[in-house]
Amino acid sequence: MPVPDPKAVRKLLTRYAVLRISQAERHRPQAADELNDVVHTLCVMMGTTGIREAIVKADALLAAARSSPGSAVADGRAVA
C-alpha cells in the first residue's frame, strides 16, 4: 500500500477536527455530509475501516514524517 502524503493527511485531520467541533456546536446537514466524506477519505487513505484507527495511523505517519531526515515538508512547513 502506498504511503499517503503527510501534508494531505494533516489537512484531512484538521478538516475532521473543525467539522467535529462545528457539529458539536450546531448540527448542520451539510457539515454532517462533509464530515462523512472526510471520515471516509481518511479511512481509505490510512487503510482502515474506522475513524479511530485512521486517526491513530495518521498520527503515527505524521510523527514518522517529522522524524524522517529526508522529509523536506514533514508537517506542511518547510524543514530547515
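Right above here is the structure, for reference.
For clarity, every value in this text was computed on a predicted model and none was experimentally measured.

Take the overall build of the chain next. If you tally the helices and strands in the chain, you get three helices and zero strands. Its helices and strands in sequence order give the chain the pattern α-α-α, from N to C terminus. Taking all 80 residues of the chain together, the buried fraction comes to 32%. Nonlocal contacts in the chain, meaning residues at least 24 apart in sequence, comprise 49% of its contacts between residues at least 6 apart. In the structure as shown, the chain presents an accessible area of about 5,500 Å², 57% of it carried by carbon and sulfur atoms.

Another point: the pattern of salt bridges. Going through the model one piece at a time under the given rule, you end up with one salt bridge. In this structure, Glu34 engages Arg15 in a salt bridge whose closest nitrogen and oxygen atoms are separated by 2.8 Å. Pair noted here: Glu34 is in helix H2 (residues 29–46) and Arg15 is in helix H1 (residues 6–25), with a separation of 19 residues, a long-range link. Under the relative-accessibility criterion, Glu34 is labelled partly exposed at 32%. We classify Arg15 as partly exposed; its relative accessible area is 32%.

Next up on the list: the nonpolar core. Burial of nonpolar side chains together is a common tendency in soluble globular proteins. In terms of nonpolar packing, the biggest core is built from 16 residues, with Val9, Leu13, Leu42, Met46 and Ala54 touching the most fellow members. By residue number, the principal contributor to this core is H2, which donates six residues. Discounting residues that sit within four places of it in the chain, Ala54 has contacts with Leu42, Cys43, Met46 and Thr48.

Here His27 lies in the loop between H1 and H2. When its relative accessible area of 57% is taken as the criterion, His27 is described as exposed. Among the polar contacts made by the side chain of His27, one reaches the side chain of Gln23 at a distance of 2.8 Å.

One can describe the packing of H1 onto H2 by two numbers: an axis separation of 9 Å at closest approach and a directional angle of 150°. Looking at the two axes, H1 sits roughly antiparallel to H2. Remark: the crossing between H1 and H2 carries left-handed chirality. Here Ala8, Val9, Leu12, Leu13, Arg15, Tyr16, Leu19, Arg20 and Gln23 of H1 come into contact with H2, specifically with Ala31, Ala32, Glu34, Leu35, Val38, Val39, Thr41, Leu42, Met45 and Met46. Here the residues of the contact of H1 with H2 sort into 14 nonpolar, two polar and three charged.

About the thresholds
- Residues numbered from 1 in each chain as written.
- Predicted model: local features only at pLDDT ≥ 70, side-chain atom pairs only at ≥ 80, totals over all residues.
- Heavy atoms only, no water.
- Helix = DSSP H or I, 4+ residues; strand = E, 2+ residues; numbered from the N terminus.
- Buried < 20%, exposed > 50% of the residue type's maximum accessible area, 1.4 Å probe, protein only.
- Contact = heavy atoms within 4.5 Å.
- Areas by Shrake-Rupley, 256 points an atom, 1.4 Å probe, with all protein chains shown as cover.
- Salt bridge = Lys/Arg side-chain N within 4 Å of Asp/Glu carboxyl O.
- Core = buried A, V, L, I, M, F, W, Y, C linked by side-chain atoms within 4.5 Å.
- Polar contact = N/O pair within 3.5 Å; in protein donor to acceptor, adjacent residues only side chain to side chain.
- Axes fitted to C-alpha atoms, helices over the stretch in contact; angles between N-to-C directions.
- Parallel < 35°, antiparallel > 145°, perpendicular 65-115°, else oblique.
- Left-handed = near helix turned anticlockwise from the far one by under 90°.
- Nonpolar A, V, L, I, M, F, W, Y, C, P; charged D, E, K, R; others polar.

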